[in-house]
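What follows is each chain in one-letter form.
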Amino acid sequence: MLKLGNPAFREIFTEYSTLCEYNGGRFCKAFDADIDNGVILEEDVRPGIPLRKESSLDKRLAVFCSIYKGLHIMPANAEIYPTYLEWVGRITEYMSTRHDCKELYGYMKKAKEICLSVSSIYSQQMLLHGDLHHDNLLLGRDGQYFIIDPKGVIGDPVFDVPRFILNEFGDEITPELFKKINDIIGILEQNLNLPNEIIRQCLYVETAMGACWSAEDSSIPEKYPKLIKDVAFAESLLTG
């Protein structure tokens, strides 16, 4: 399968480098690349059904936990990748210049403080996927799920957990959703042996950062209330 990306963005290089470092396993394989033209020749995962299509929450959680455990490796060339803290710092700095969405900037400043606190305890410098959500987990041969589209970022594996939870958010913030996310956090705590509080903090950081990335990519003010609502919801989950 040929994957076409924008050669102007460094992500095409870090994706290819990540796939080469993992060299298969639960990741799809990368066979070759033309980085200057933004092209990667990758293994085609068949049937390629994304985890999002799995109707059972228990099954989605089981798949994620099985993939997460033992996934992360030490990078051979750490210097070629951004760090998770650099991601957080860059978007925080950008949001400081956006005077049209000061509320999001306030959330992001808090997220940066939390990220620095978590990183002082969870400080491994491993190669992370960086975007480990439902649509990047595809059903392949023998009923196994395979991983595609890594961002390639350096940090502690704990920062690869919240993107999955964020994909379980709904369009509407309801008491039922609050219970569902709390239940998910509890299951991940047990299965991944991570403190409940740390998972909640990482979820807040990822939600704030994702909302700010969306604001960076769009100048449509109508989108901001939904972004703010999602971050406020993640903030409410900090205390359970």
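Residues numbered from 1 in each chain as written. Predicted model: local features only at pLDDT ≥ 70, side-chain atom pairs only at ≥ 80, totals over all residues. Heavy atoms only, no water.

**Quick look at the side chain of D156**
For clarity, the threshold we go by: Secondary structure elements are taken from DSSP: a helix is a run of H or I of four residues or more, a strand is a run of E of two residues or more, and numbering for both begins at the N terminus. Burial here depends on accessible area, computed with a 1.4 Å probe over protein chains only, as a share of the maximum for the residue type. Under 20% is buried, over 50% is exposed, and the range in between is partly exposed. Charged-residue counts in this description rest on Lys and Arg as positive and Asp and Glu as negative, His and the chain ends being excluded. Think of a salt bridge as a Lys or Arg side-chain nitrogen and an Asp or Glu carboxyl oxygen that are within 4 Å of each other.
Here D156 is to be found in the loop between β8 (153-155) and α5 (162-166). It turns out D156 is buried and unbridged, and the closest side chain with the opposite charge, K69, is 16 Å from it.

**What about the packing of helix α3 (residues 84-95) against helix α4 (residues 102-121)?**
Operational definition: Throughout, an axis means a line fitted to C-alpha atoms (over the contacting stretch in the case of helices), and angles, computed between N-to-C directions, take values from 0 to 180 degrees. What sets the label is the angle itself: under 35 degrees gives roughly parallel, over 145 gives roughly antiparallel, 65 to 115 gives roughly perpendicular, and the rest give oblique. Crossing handedness is read from the near helix: turned anticlockwise from the far helix by less than a right angle, it gives a left-handed crossing, and turned clockwise, a right-handed one. The contact criterion used is simple: two residues touch if any of their non-hydrogen atoms lie within 4.5 Å. Amino acid classes used here: Ala, Val, Leu, Ile, Met, Phe, Trp, Tyr, Cys and Pro are nonpolar; Asp, Glu, Lys and Arg are charged; the rest, including Gly, are polar.
Between α3 and α4, whose axes approach to 9 Å, the crossing angle comes to 160 degrees. With respect to their mutual orientation, α3 and α4 come out roughly antiparallel. The two elements α3 and α4 cross, and the hand of that crossing is left-handed. Contacts between α3 and α4 involve Y84, L85, V88, I91, T92 and M95 on the former and, on the latter, L104, Y105, M108, K109, K112, C115, L116 and S119. Tallied by class, residues from the contact of α3 with α4 come to ten nonpolar, two polar and two charged.

**What to know about the sheet that holds strand β4 (residues 49-50)**
Put simply, the rule is: What makes two strands pair is DSSP finding at least two bridges between them.
If you walk across this open sheet you meet the three strands as β4-β6-β7, and the pairing is antiparallel. Lying at the two open borders of the sheet, with one neighbouring strand each, are β4 and β7 (145-147). Pairing analysis gives two bridges linking β4 to strand β6 (residues 137-139), with the strands arranged antiparallel. If you follow I49 over to β6, its bridge partner there is L139.

**Quick notes on the side chain of H129**
The topology assignment puts H129 in the loop between β5 (126-128) and β6. Those residues within four positions of H129 in sequence are excluded, and the remaining contacts are F27, N136, I147, I148, D149, P150, K151, G152 and D160.

**Observations concerning the pattern of salt bridges**
Should the charged atoms of two oppositely charged side chains come close, the side chains can pair. All told, the structure shown has 15 salt bridges when counted by the stated rule. Between D131 and R163 there is a salt bridge, with the nearest N and O atoms lying 3.6 Å from each other. Of this pair, D131 sits in the loop between β5 and β6 while R163 sits in helix α5, and the two are 32 residues apart along the sequence. Overall, the relative accessible area of 14% leaves D131 in the buried class. A relative accessible area of 14% places R163 in the buried class. Each of K3, E15 and D149 takes part in salt bridges that share partners, so that together they form one network.

**Some thoughts on the nonpolar core**
Under the convention used in this document: Residues grouped as a nonpolar core are buried Ala, Val, Leu, Ile, Met, Phe, Trp, Tyr and Cys residues, joined through side-chain atoms within 4.5 Å.
By size, the foremost hydrophobic cluster in this structure holds 78 residues, and its most contacted members are Y84, L104, I165, I181 and L188. Excluding anything up to four places from it in sequence, I181 contacts I165, E168, F169, L203, F233 and L237.

**Brief notes about helix α2 (residues 57-68)**
Where we set the bar: One less than the residue count of a helix, multiplied by 1.5 Å, gives the span that helix is expected to have. In the analysis that follows, any N or O atom pair within 3.5 Å is treated as a polar contact, provided that within protein one partner can donate a hydrogen and the other can accept it, and provided that, for residues neighboring in sequence, both atoms belong to side chains.
Here α2 is twelve residues long and its end C-alpha atoms lie 16 Å apart, about the 16 Å a rise of 1.5 Å per residue gives. Within α2 the residues assigned to the buried category are R60, L61, V63, F64, C65, I67 and Y68. Where α2 is buried, its residues contact β6, β7, α5 and α6 (175-192). With a side-chain oxygen positioned 3.4 Å from the backbone nitrogen of D58, the residue opening α2 is S56. Following α2 by one or two positions, G70 has its phi on the positive side, about 75 degrees.

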